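Close look at the chain arrangement
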Amino acid sequence: MPQGPGQRDATGPKVRSGRLALYLATEPPQDFFASFELRGTANDGELILITPLGSVLAQIQWRPGEARLHAAKSSQEFDSIESLTRQLTGTALPLGAMLEWLDGIETVADGWQVDLSGLGQGRLSARRTSPEPMATLKLILD
């Protein structure tokens, strides 16, 4: 059962859950929406993406030098979480920085600018201006 923002389960790290929206300024523009559960650290973590109907779209796990994607009854391995998220969404997502952003830490992620002003209301937004395509990421926490 998903837990509220910042809660810890009995066996592990903080679990964050909510909704994610990613917009890519490509031609044509691309949008990606999913519910999520995120746990771990920048070095070792897991992201589960869930469709609006509640089924698991993808499960992503990472640790140094390795990232694994489980989706549609198949698995793929990548050398980094950035290459995995680039393959999945069309752009490299700063998952390690996202974990710190959700803790209120304004960590630098190459090309990304984060706005933590709405974090008290469970909202986070970030924008990547380089490299192209421009990307906008919004998180709403449960």
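First things first, this report covers the structure right here in the doc. The numbering scheme is per chain: residues are counted from 1 as the chain's sequence reads. The model is predicted, so local features are restricted to residues of pLDDT at least 70 and side-chain atom pairs to those at 80 or more, both for listing and for counting; the totals for chains, interfaces and linings are taken over all residues. Side-chain metrics in this entry use all non-hydrogen atoms of the structure; hydrogen atoms and water are not considered.

**Quick word on unusual backbone geometry**
Between Glu 27 and Pro 28 the backbone carries a cis peptide bond, its omega angle lying at 0°. Only DSSP runs of H or I with at least four residues qualify as helices, and only runs of E with at least two residues qualify as strands; both kinds are numbered from the N terminus onward. Mapping Pro 28 onto the fold places it in the loop between strand 2 (14-24) and strand 3 (30-40). Following Ser 130, the chain continues to Pro 131 via a peptide bond in cis, the omega torsion being -5°. If you trace the backbone, Pro 131 turns up in the loop between strand 9 (123-128) and strand 10 (135-141). Of note in this structure, Lys 73 is not a glycine but carries a positive phi near 60°. One can find Lys 73 in the loop between strand 6 (66-71) and strand 7 (74-78).

**Quick word on the environment of Thr 89**
Within the secondary structure, Thr 89 is located in helix 1 (residues 81-89). Each residue is placed in one exposure class: buried if its accessible area under a 1.4 Å probe, protein chains only, is under 20% of its type's maximum, exposed if it is over 50%, and partly exposed if it falls in between. When its relative accessible area of 8% is taken as the criterion, Thr 89 is described as buried. It is 24 Å that separates the C-alpha atoms of Thr 89 and Gly 118, two residues lying 29 residues apart in sequence. In what follows, residue pairs with any heavy atoms lying within 4.5 Å of each other are defined as contacts. Each residue touching Thr 89, except ones within four places of it in the same chain, is listed here: Leu 22, Leu 24, Gln 30 and Phe 32. Here a polar contact means two N or O atoms within 3.5 Å. Within protein one must be a hydrogen donor candidate and the other an acceptor candidate, and residues neighboring in sequence count only if both atoms are side-chain atoms. Only 2.8 Å separates the side chain of Thr 89 from the backbone oxygen of Thr 85, close enough to count as a polar contact.

**Quick look at the pairing of strand 9**
Taking every second residue as pointing to the same face, the buried face of strand 9 carries Leu 124, Ala 126 and Arg 128, while none of Arg 123, Ser 125 and Arg 127 on the other face is buried. Here, any two strands with at least 2 DSSP bridges between them count as paired. Two elements, strand 8 (residues 112-115) and strand 9, share four bridges in a ladder whose sense is antiparallel. Looking across to strand 9, one finds that Gln 113 is bridged to Arg 127. Bridge analysis of strand 9 against strand 10 gives six bridges, and the strand direction is antiparallel. What sits directly across from Leu 124, in strand 10, is Leu 139. Hairpin geometry of strand 9 and strand 10 is characterised by an intervening segment of six residues between the two adjacent antiparallel strands.

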